[in-house]
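The lines below spell out each chain.
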Amino acid sequence: MNPKTLEALETMEKRINKIDVELQDENITSDIKKLTELNKERSSLEDVVAKFQEYKKALASINEAKEIFNIEKDQEMIELAKMDLQENEEIIEKLVPEIEQMLIPKDPNDEKNVIIEIRGAAGGDEGNIFAGDLFKMYKLYCEKEGWKINIMEASISEAGGYSQIVFMVKGDGVYSKLKFESGAHRVQRVPKTEAKGRIQTSTATVAVLPEMSDVEISIKPIDLRVDTYRSSGAGGQHVNTTDSAVRITHLPTGIVASSQDGRSQLDNKETAMKMLRAKVYEAEVEKQQAQADATRKNAVGTGARSEKIRTYNYPQNRVTDHRVGLTLNKLDQVMEGNIDEFIISLINEHQLQKVAQRLEEEAG
């Protein structure tokens, strides 16, 4: 194991031992705030420290077995030591990657709800129809996960599907699983409008944004321009009767968010603000990432909408994720919301990249 990793683990173990001593102190047990902080810190350390203690125990057993080889003449004892050595080497081999993964800082947004925006892009009507197919795919996946969906904004295309649809997904760990879906999704198939049976390539873009509270993203009222207008899409009997639709522009960045499907102007303003906060956050994160390192890109990509991440080939019933090189010959099942294989592969690849990056930084 890397020496700096070992040093970090030793520090964590010392810290948890110190916390255990402090938790016995009457002055601390009577201070609810301090007690809560210490228990929370201990909880964040205990799993990785327990793994580290397993690692040290296995390492000690390996050293004992090696000593037996040097001093023992009894063949039976030597054979037992060989078995013990092999068993503990296998334990070490398994523990090291587990510990390294546990040391990776967690994304603070992983437990957040998300706002997903899907737009028809290249391909005209076919791009919009595909945007509708993607919405159905994500809707079915969310149902399997037990998550709730709420449509925030939708522009229905005359040919079918959506030129744009924005919806919120609420549930446990939503962002952790859906964050790698951002990007350009490409479809290859024969459009319904194609009389000669020619295959067309079209795209739809997906943006997955963590829901941000007004505390996390503070936007000054003076920086906003709020316009109201008459709703013009699906939304019920209230449509076209009042100026209930709301468009909010964030003047410093030019970012715009709108909503027209709520039951009142107040509902639409609240929805538009949720979208605006998420978009402003996304723009700030992209700016910071670009400034921090203009050359490094994770294997799972940057999440930019312009980046082609996946191809859905209907004639061959095939889906390929270009970031991890995973191809599944079951597009029909994928479009029914069975996208776990892609999600798991992307999460694993992201973790591997983080481990490699951390080790590279430590070595440097």
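Right above here is the structure, for reference.
Keep in mind that this is a model prediction, so the values were computed, not measured.

A look at the environment of Gln333
So, step 1. By the secondary structure assignment, Gln333 is in helix H8 (residues 331-334).
So, step 2. Distance from Gln333 to Met137, taken between C-alpha atoms, is 9.6 Å for residues 196 residues apart in sequence.

Things to note about the nonpolar core
So, step 1. Ile116, Ile118, Leu134, Leu178, Tyr312 and Val334 are the most contacted members of the largest nonpolar core, which totals 33 residues.
So, step 2. Secondary-structure elements contributing two or more residues to this core are strand E1 (114-120), helix H5 (125-145), strand E3 (162-170), helix H6 (174-178), strand E5 (200-210), H8 and helix H9 (340-363).
So, step 3. Looking at this core element by element, the count peaks at 8 residues for H5.

Points about the packing of aromatic side chains
In this description, an aromatic ring pair is defined by two values, namely the gap between the centres and the angle between the planes.
So, step 1. Per the stated rule, a full pass over the model turns up 5 aromatic pairs.
So, step 2. Centre to centre, the rings of Phe52 and Tyr55 are 6.3 Å apart; their planes meet at 20°, and the pair counts as stacked. Residue Phe52 and its partner Tyr55 are located together in helix H3 (residues 32-71), separated by 3 residues, close to a single helical turn. Each member of the pair, Phe52 as well as Tyr55, carries the same accessibility label: buried.
So, step 3. Relative to Tyr162, the ring of Phe135 lies with its centre 5.9 Å away and its plane at 80°, an arrangement referred to as edge-to-face. Of this pair, Phe135 sits in helix H5 while Tyr162 sits in strand E3, placing them 27 residues apart in sequence. Comparing Phe135 with Tyr162, the two get one shared label, buried.
So, step 4. One aromatic cluster is present, built from ring pairs that chain together Phe135, Tyr162 and Phe167.
So, step 5. Lying over the aromatic face of Tyr314, Arg189 brings its terminal NZ or CZ to 4.7 Å of the ring centre.

Some points on the pairing of strand E7 (residues 245-250)
So, step 1. Among the 6 residues that make up E7, 5 are buried, leaving the element largely enclosed by the rest of the structure.
So, step 2. With 6 bridges joining them, strand E6 (residues 224-229) and E7 adopt antiparallel strand pairing. Bridging from a neighbouring strand, Asp227 pairs with Arg247 of E7.
So, step 3. Joining the antiparallel neighbours E7 and strand E8 (residues 255-259) is a turn of 4 residues, in which Gly254 adopts a positive phi near 80°.

Things to note about the packing of helix H1 (residues 3-22) against H3
So, step 1. Orientation of H1 relative to H3, taken along the N-to-C sense of each, is 130°, at an axis distance of 9 Å. Here H1 is positioned oblique relative to H3, judged by the angle of their axes. Regarding H1 and H3, the two cross each other, and that crossing is left-handed. Residue-level contacts link Leu6, Leu9, Glu10, Met12, Glu13, Arg15, Ile16, Ile19, Asp20 and Glu22 of H1 to Leu38, Glu41, Arg42, Leu45, Glu46, Val48, Val49, Phe52, Gln53, Tyr55 and Lys56 of H3.
So, step 2. When grouped by side-chain class, the residues that make up the contact of H1 with H3 number 11 nonpolar, 1 polar and 9 charged.

Cut-off values and rules
Residues numbered from 1 in each chain as written. Predicted model: local features only at pLDDT ≥ 70, side-chain atom pairs only at ≥ 80, totals over all residues. Heavy atoms only, no water. Helix = DSSP H or I, 4+ residues; strand = E, 2+ residues; numbered from the N terminus. Core = buried A, V, L, I, M, F, W, Y, C linked by side-chain atoms within 4.5 Å. Buried < 20%, exposed > 50% of the residue type's maximum accessible area, 1.4 Å probe, protein only. Phe/Tyr/Trp six-rings, centres within 6.5 Å; stacked < 30°, edge-to-face > 60°. Lys NZ or Arg CZ within 6 Å of the ring centre and 35° of its normal. Pairing = 2+ DSSP bridges. Axes fitted to C-alpha atoms, helices over the stretch in contact; angles between N-to-C directions. Parallel < 35°, antiparallel > 145°, perpendicular 65-115°, else oblique. Left-handed = near helix turned anticlockwise from the far one by under 90°. Contact = heavy atoms within 4.5 Å. Nonpolar A, V, L, I, M, F, W, Y, C, P; charged D, E, K, R; others polar.

The analysis is restricted to geometry; functional conclusions fall outside its scope.
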